[in-house]
Amino acid sequence: IIQIWDKDVGCGLLDPKQGSGSYSRDLKVIKLSTTILVVSDGSDVYCPGAAYPDEGISQRFIDLKKDQEVNMEDLLTGKARTDLLKKLSALGKATRSRDDGCAQAYEMDSLLATPLEFSYEENGLAIEPSFIHAIQACTKTLHINKTEAVQLLQKSPFVETLFEP
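Given the structure is predicted, the values throughout are model-derived calculations rather than measurements.

Relative to the helices and strands, S40 resides in strand β2 (residues 36–46). With residues up to four places along the chain from it excluded, the contact list for S40 reads D26, L27, K28, I30, I57, S58 and Q59.

Here the focus is the nonpolar core. Residues F61, M72, F118, L125, L153 and L162 are the most contacted members of the largest nonpolar core, which totals 32 residues. Looking at this core, the elements with two or more residues in it are β2, α2 (78–95), β5 (116–121), β6 (124–129), β7 (142–145), α4 (146–152) and α5 (157–162). If we skip the residues at most four places from it in the chain, M72 touches F61, F118, L125, L153, F158, V159 and L162.

All right, on to the confidence of the model for the protein then. Residue-level pLDDT values for the protein average 77, and 72% of them are 70 or greater. The secondary-structure element of the protein with the lowest mean pLDDT is helix α1 (residues 2–6), recorded at 39, while β5 shows the highest, at 92. Predicted confidence is poor over residues 1–11, with pLDDT under 50, and the contacts of this stretch with residues over four places away or in other chains come to 16 contacts.

Across the six residues of β6, five count as buried, placing the element largely inside the fold. With six bridges connecting them, β5 and β6 associate as antiparallel partners. Residue pairing for β6: E117 is matched across the bridge by E128. With antiparallel pairing between neighbouring strands as the criterion, β5 and β6 make up a hairpin whose turn holds two residues. Sheet topology places β6 next to β7; four bridges connect them, and they run antiparallel. Note that in β7 the partner of L125 across the bridge is I144.

Evaluation of the coordinates by the stated rule reveals five salt bridges. Between E69 and R60 there is a salt bridge whose closest N-O contact spans 3.4 Å. A residue is classified by how much of its surface remains accessible, and R60, at 8% relative accessible area, is buried. Salt-bridge contacts for D83 lead to K79; the nearest nitrogen and oxygen are separated by 2.9 Å. You can see D83 and its partner K79 sitting in helix α2, four residues apart, about one turn around the helix. D83 sits in the partly exposed class, given a relative accessible area of 28%. With a relative accessible area of 59%, K79 lands in the exposed category. Overlapping salt bridges bring together D41, R60 and E69 as one network.

What counts and how
Residues numbered from 1 in each chain as written. Predicted model: local features only at pLDDT ≥ 70, side-chain atom pairs only at ≥ 80, totals over all residues. Heavy atoms only, no water. Helix = DSSP H or I, 4+ residues; strand = E, 2+ residues; numbered from the N terminus. Contact = heavy atoms within 4.5 Å. Core = buried A, V, L, I, M, F, W, Y, C linked by side-chain atoms within 4.5 Å. Buried < 20%, exposed > 50% of the residue type's maximum accessible area, 1.4 Å probe, protein only. pLDDT = per-residue confidence, 0-100. Pairing = 2+ DSSP bridges. Salt bridge = Lys/Arg side-chain N within 4 Å of Asp/Glu carboxyl O.

Okay, here's the thing in structure tokens:
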């Protein structure tokens with residue numbers, strides 16, 4: 001599992017020409033079974049010369065049988081992804097004012113180009129668009145129950161076992 005965490009770390013903090021920066025990372029186990037590990041991965045990075053610090057929390061889904069990270073978005077089929085994006089679009093448009101600068105982020109063309117973040121919840125999954133820093137305040141979260149999650153995500157054995165006690 002260590003390799004998974006190390007593969008995406010770095011912003012030039014070790015380059016002496018960049019000056020000193022800071023980095024912190026917090027990992028918390030959200031769910032652990034004999035076949036699944038879900039970890040909350042929080043990081044805070046500051047690089048000299050950057051416009052602002054970079055921080056965030058995401059969840060990592062690990063299939064312990066295959067010893068690999070699972071990208072939940074990869075489990076979405078074409079139609080399931082389109083249906084999910086339509087729900088996110090409707091949620092975003094219903095809860096945002098056309099004047100607040102967020103409406104365009106919830107147009108289907110924009111959502112099609114935006115990665116999705118998945119979070120485990122005891123009763124299902126939380127799904128939200130992973131917007132760039134400048135419009136992160138526009139983010140709305142869609143909550144789906146266990147049954148809908150299994151149906152949306154290719155009826156994957158991984159997803160089915162995700163919700164077992």
